[in-house]
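# Structure at a glance
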Amino acid sequence: MMHIKGNQCCCSFDDCRNTAEWLLSRTRHRPKIGIICGSGLGLLVDSASRKQSFRYEDIPNFPASTVAGHEGCLVFGDLKEKPCVFMQGRFHLYEGYSMCKVTFPVRIFKLLGVETVIVTNASGSLSQDFKVGDIMIIKDHINLPGFAGQHPLCGPNDERFGIRFPCMSDAYSEELRKLALDTSAELGYSDFVHEGVYCMVSGPNFETVAEARMLHILGSDSVGMSTIPEVTVAKHCGLRVFGLSLITNKVPLDYSSEEKVNHEEVLQISKMRAEMVQSLIYAMIAKYDINELNQSVQMNCQN
Ligand SMILES: O=P(O)(O)O[C@H]1O[C@H](CO)[C@@H](O)[C@H]1O
């Protein structure tokens, strides 16, 4: 689905600005960190203080959440005294939304003044090294829908967001990945926190055995149906990105496998391990020096 109306993007700069201004005129929060909660991970919001919540259906131009485990609320609040905004529920291509709609909230983050985006998701493991319940720090990605032209930056480029040909080889902040690994070690999580490559498929079906084998051969450690469009748009508009993938299932790589992946299992594992994902993110944010990081964002994000 192309996100073009005539020669205009269906989520133009003016649409984004109107939505951001609508929110800024209704909240005193001025978030610096944007957190996107993956399937079943909405409770990452729970410990935030001074919360103010908007339902997606009430926000101008916002799509609606249609997937179980994605509540559909934009929540402002502080974590460890750092001003944050949370998406409790994200949008997926398979819901029928254009890439532009899927990534619209990331541009709203940018216009709200966010500087760092933390994306989380549930994904299936393709690596023999990962177990169900492990956390994968995303070090890189394979944008499979993007190869087929389902790319959020296709269409006219608005230079107010970013340049026509953004660099993606450093999409995931090295400093934040290091902070995550160090923090995991301090929390005693090292045995189940690993770095890896996330691959996006459009979904909504889970992979066939032949597809899973192909994705693994291509270099993917885990597979899901989200995240990469958001990361691409975040990097395009100069945001610092950190990504965490919770391994909710093993993707069958063998015809004899008894595994039959289903969304209920994905949600069940997410809910079981959400507290651990939450502890890691909170501990990272506690150590996170926004001012110090801002300087390197400016240096790194010259695009
Ligand atoms: O990526 P998130 O939104 O966490 O959700 C994952 O879980 C769902 C499948 O169970 C798919 O939407 C997949 O992308």
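The residue numbering used here restarts from 1 in each chain and proceeds along that chain's sequence as written. Totals for whole chains, interfaces and linings use every residue, but because this is a predicted model, local features are given only for residues with pLDDT of at least 70 and side-chain atom pairs only at 80 or more, for both listing and counting. Here the side-chain values reflect all heavy atoms present in the structure, with hydrogen atoms and water set aside.

Here helix H7 (residues 263-287) is 25 residues long and its end C-alpha atoms lie 34 Å apart, about the 36 Å a rise of 1.5 Å per residue gives. Two axes define the bend at a residue: one fitted to the seven residues ending there, one fitted to the seven starting there, and the bend is the angle between them. Secondary structure elements are taken from DSSP: a helix is a run of H or I of four residues or more, a strand is a run of E of two residues or more, and numbering for both begins at the N terminus. Where H7 bends most, the angle comes to about 50°, and this point is Arg273. If you check the start of H7, you find a side-chain oxygen 3.1 Å away from the backbone N of Glu264, and it comes from Asn262. To estimate how far a helix should extend, the number of its residues minus one is multiplied by 1.5 Å. Polar contact is defined as a pair of N or O atoms within 3.5 Å, subject to the rule that within protein one atom must be able to donate a hydrogen and the other to accept it, and that residues adjacent in sequence are counted only when both atoms are side-chain atoms.

Turning our attention to the UniProt feature "binding site: phosphate" (unreviewed entry) in the protein. UniProt positions are given in the numbering used here, feature names are shortened, and annotations may be inferred rather than shown by experiment. In this structure's numbering, the residues bearing the UniProt feature "binding site: phosphate" (unreviewed entry) are Ser39, His70, Arg90, Phe91, His92, Ala122 and Ser226. Note that Ala122 resides in strand S7 (residues 116-125). Here a residue-residue contact requires only that any non-hydrogen atoms of the pair lie within 4.5 Å. Not counting chain neighbours up to four residues away, the residues in contact with Ala122 comprise Ser39, Leu246, Thr248, Val266 and Ser270. Note that Ser226 resides in the loop between strand S10 (222-224) and helix H6 (228-236). Separated by 3.3 Å, the side chains of Ser226 and Arg90 make a polar contact.

Another point: the nonpolar core. In plain words, nonpolar cores are sets of buried Ala, Val, Leu, Ile, Met, Phe, Trp, Tyr and Cys residues tied together by side-chain atoms within 4.5 Å. Between buried and exposed lies partly exposed: a residue is buried under 20% and exposed over 50% of the maximum accessible area for its type, with that area taken using a 1.4 Å probe on protein chains only. Ranked by internal contacts, the top residues of the largest apolar core, which has 46 residues, are Leu23, Ile59, Leu74, Phe109 and Val117. The biggest single contributor to this core is helix H2 (residues 99-112), with 8 residues. Not counting the four nearest positions on each side in its chain, Leu74 is found in contact with Leu23, Gln52, Ser53, Phe54, Tyr56, Ile59, Val85, Phe86, Met87 and Phe109. Counting 33 residues, the second-largest nonpolar core is a separate cluster that includes Leu41, Ile137, Phe242 and Leu246.

Attention now goes to the pairing of strand S3 (residues 33-37). Regular strands show a simple pattern: their side chains alternate between the two faces of the sheet. Counting buried residues in S3 gives 5 out of 5 residues, a clear majority hidden from the surface. Residues Ile33, Ile35 and Cys37 point to one face of S3 and Gly34 and Ile36 to the other, with burial holding for every one of them. Where S3 and strand S6 (residues 82-88) come together, 5 bridges link them in parallel fashion. Looking across to S6, one finds that Ile33 is bridged to Cys84. DSSP calls a pair of strands paired once it identifies at least 2 bridges connecting them. Pairing between S3 and S7: 4 bridges, direction parallel. Bridge pairing in S7 links Ile36 to Val119.

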